[in-house]
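Coordinate inspection notes
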Amino acid sequence: AAHTAARAHETWREPSGELRFPYLVPSGPYSQLWDWDAVFLGVATLAHGSRPYLEGSMANFFAAVNRSTGSVTGCLTASLPTVCSSDPSARDALVHAKPVLIQGAWLASAAPGGDPGRFERHAPAMEALLAFW
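Presented here is an overview of the structure given in this document.

Re the overall build of the chain
- A tally of helices and strands in the chain yields 5 helices and 4 strands.
- What you see in the chain, going N to C, is helices and strands ordered as α-β-β-β-α-α-β-α-α.
- Expressed as a percentage of the 133 residues in the chain, the buried residues total 41%.
- Of the contacts formed within the chain by residues at least 6 apart in sequence, a portion of 62% connects residues at least 24 apart.

What to know about the nonpolar core
- Formed by 26 residues in total, the largest nonpolar core has its most connected members in L33, M58, F62 and L101.
- Of all the secondary-structure elements, those providing two or more residues to this core are β2 (23–24), α2 (35–44), α3 (51–64), α4 (99–110) and α5 (123–132).
- It is α3 that contributes the most residues to this core, 5 residues altogether.
- If near-sequence neighbours (up to four positions away) are discounted, L101 is found in contact with D35, M58, F61, F62, V72 and L129.

With respect to the packing of α2 against α3
- It is the contact of α2 with α3, at a shortest axis distance of 9 Å, that shows an interaxial angle of 160°. Classed by the angle they form, the pair α2 and α3 counts as roughly antiparallel. At the point where α2 passes α3, the crossing takes the left-handed sense. Contacts between α2 and α3 involve D35, A38, V39, G42 and V43 from the former and L54, S57, M58 and F61 from the latter.
- Class assignment for the residues of the contact of α2 with α3 results in 6 nonpolar, 2 polar and 1 charged.

Calculation rules
Residues numbered from 1 in each chain as written. Predicted model: local features only at pLDDT ≥ 70, side-chain atom pairs only at ≥ 80, totals over all residues. Heavy atoms only, no water. Helix = DSSP H or I, 4+ residues; strand = E, 2+ residues; numbered from the N terminus. Buried < 20%, exposed > 50% of the residue type's maximum accessible area, 1.4 Å probe, protein only. Contact = heavy atoms within 4.5 Å. Core = buried A, V, L, I, M, F, W, Y, C linked by side-chain atoms within 4.5 Å. Axes fitted to C-alpha atoms, helices over the stretch in contact; angles between N-to-C directions. Parallel < 35°, antiparallel > 145°, perpendicular 65-115°, else oblique. Left-handed = near helix turned anticlockwise from the far one by under 90°. Nonpolar A, V, L, I, M, F, W, Y, C, P; charged D, E, K, R; others polar.

By themselves, these observations are geometric and do not establish any function.
Put into structure tokens, the structure is as follows:
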């Protein structure tokens, strides 16, 4: 627990480029925002102040949803095109199970200091995600 408390902030990033909201990274070689990682990491470190970064991570994904198709990549980067690999020569874009993004928004909203109203503007993106899946 002490290690997590001391290091949680190392996974927090301020808005940058295409990522207009604060976000979480899994650390290590990654600079990308990953869907599942952000939810698990954000929830695991709520007691250490990650709520705004969990909230922002979900908002960044909702902003990237194609509202016509409901698709979104499994990771996002500050610059385009999105590259979902720690290998800088790779040019892949993954599509993962996105209902977890809505769950992440709910968890951020339910945490102390959270507010479900902050996600109201993302309702069309959430509806498109649900329709896709």
